[in-house]
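Analysis of the macromolecular model
One-letter residues, chain by chain:
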Amino acid sequence: MHKRPDGDSYYRRRTSRPQPGRPVPKNLGARGPRDYTPAEPEDDFRPPNPKSPVAGAKPGVVIGAVLMILGILALILYPFLGGFLPATFQSGWTVAALLGMAIFGLVVLFMQMPSKRSGSDDGARL
């Protein structure tokens, strides 16, 4: 095996400590660029509390949405709950009434839509 001129083994690991008789590098033990951590900026930003969408809605919109959603959900669940319901709900008028409730809710929602545009806006938003 070959020996180095300074007497160390060829495979010996170099250490970060300076060897006796060699010049000491200037940046030994100094911090490098990867050790830098920038100071955290002080943020006083607090996100706004979102309001409930139902809180500012018109009563007609809320009633129409509730009627439509409940009518559709009742139409979906009615076949599964048929055995547990009383005999008065097992007649043929129940499905027609639930369908009418869903359609009436949809009509109420369409009636709440504005009939004219406001301003000369083309509707494009970002």
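Below is a summary of the structure that appears in this document.

In this section: the overall build of the protein chain. A tally of regular secondary structure across the protein chain gives two helices and zero strands. A separation threshold of at least 6 residues defines the contact pool for the protein chain, and within that pool the share at least 24 residues apart is 53%. Here the protein chain displays about 12,100 Å² of accessible surface, and carbon together with sulfur accounts for 63% of that area.

It is worth spelling out the packing of helix H1 (residues 59-81) against helix H2 (residues 93-112) at this point. Where H1 contacts H2, the two axes come as close as 7 Å, and the packing angle between them is 150°. Considered as vectors, H1 and H2 are oriented roughly antiparallel to each other. As for how H1 packs across H2, the hand of that crossing is left-handed. Listed contacts from H2 to Gly60, Val61, Gly64, Ala65, Leu67, Met68, Leu70, Gly71, Ile72, Ala74, Leu75 and Tyr78 of H1 are Thr94, Val95, Leu98, Leu99, Met101, Ala102, Phe104, Gly105, Leu106, Val108, Leu109 and Gln112. Broken down by class, the residue content of the contact of H1 with H2 amounts to 18 nonpolar, six polar and no charged.

Its 23 residues give H1 an end-to-end C-alpha distance of 31 Å, which sits within 8% of 33 Å, the value for a rise of 1.5 Å per residue. Of all the bends in H1, the greatest, near 30°, is centred on Leu75, and the proline Pro79 appears no more than four residues after it. For H1, every residue scored as buried is listed here: Gly60, Gly64, Gly71 and Tyr78.

Here the focus is the environment of Leu99. Note on placement: Leu99 falls in helix H2. Separated by 25 residues in the primary sequence, Leu99 and Ala74 place their C-alpha atoms 9.1 Å from one another.

Before going further, it helps to examine H2. Spanning 20 residues, H2 covers 29 Å between terminal C-alpha atoms, matching the ideal 28 Å at 1.5 Å per step. The complete set of buried residues in H2 reads Thr94, Leu98, Ala102, Gly105 and Val108. Along the axis of H2, the buried residues cluster in a sector spanning 120°; they form a single face. Pointing more than 90 degrees away from the buried face of H2 are the exposed residues Ala96, Phe110 and Met111.

On to a nonpolar patch on the surface. Taken together, the side chains of Val66, Ile69, Leu70, Ile72, Leu73, Ile76, Leu77, Phe80, Leu81 and Phe84 present a nonpolar region at the surface, about 1,000 Å² in accessible area. Mapped onto the elements, Phe84 comes out in the loop between H1 and H2.

The rules behind these values
Residues numbered from 1 in each chain as written. Predicted model: local features only at pLDDT ≥ 70, side-chain atom pairs only at ≥ 80, totals over all residues. Heavy atoms only, no water. Helix = DSSP H or I, 4+ residues; strand = E, 2+ residues; numbered from the N terminus. Contact = heavy atoms within 4.5 Å. Areas by Shrake-Rupley, 256 points an atom, 1.4 Å probe, with all protein chains shown as cover. Axes fitted to C-alpha atoms, helices over the stretch in contact; angles between N-to-C directions. Parallel < 35°, antiparallel > 145°, perpendicular 65-115°, else oblique. Left-handed = near helix turned anticlockwise from the far one by under 90°. Nonpolar A, V, L, I, M, F, W, Y, C, P; charged D, E, K, R; others polar. Expected span 1.5 Å × (residues − 1). Bend = angle between axes of the 7 residues up to and from the residue. Buried < 20%, exposed > 50% of the residue type's maximum accessible area, 1.4 Å probe, protein only. Arc of directions from axis to C-beta. Patch = residues over 30% accessible without salt bridge, like charges linked within 9 Å, V, L, I, M, F, W, Y side chains within 5 Å. Salt bridge = Lys/Arg side-chain N within 4 Å of Asp/Glu carboxyl O.

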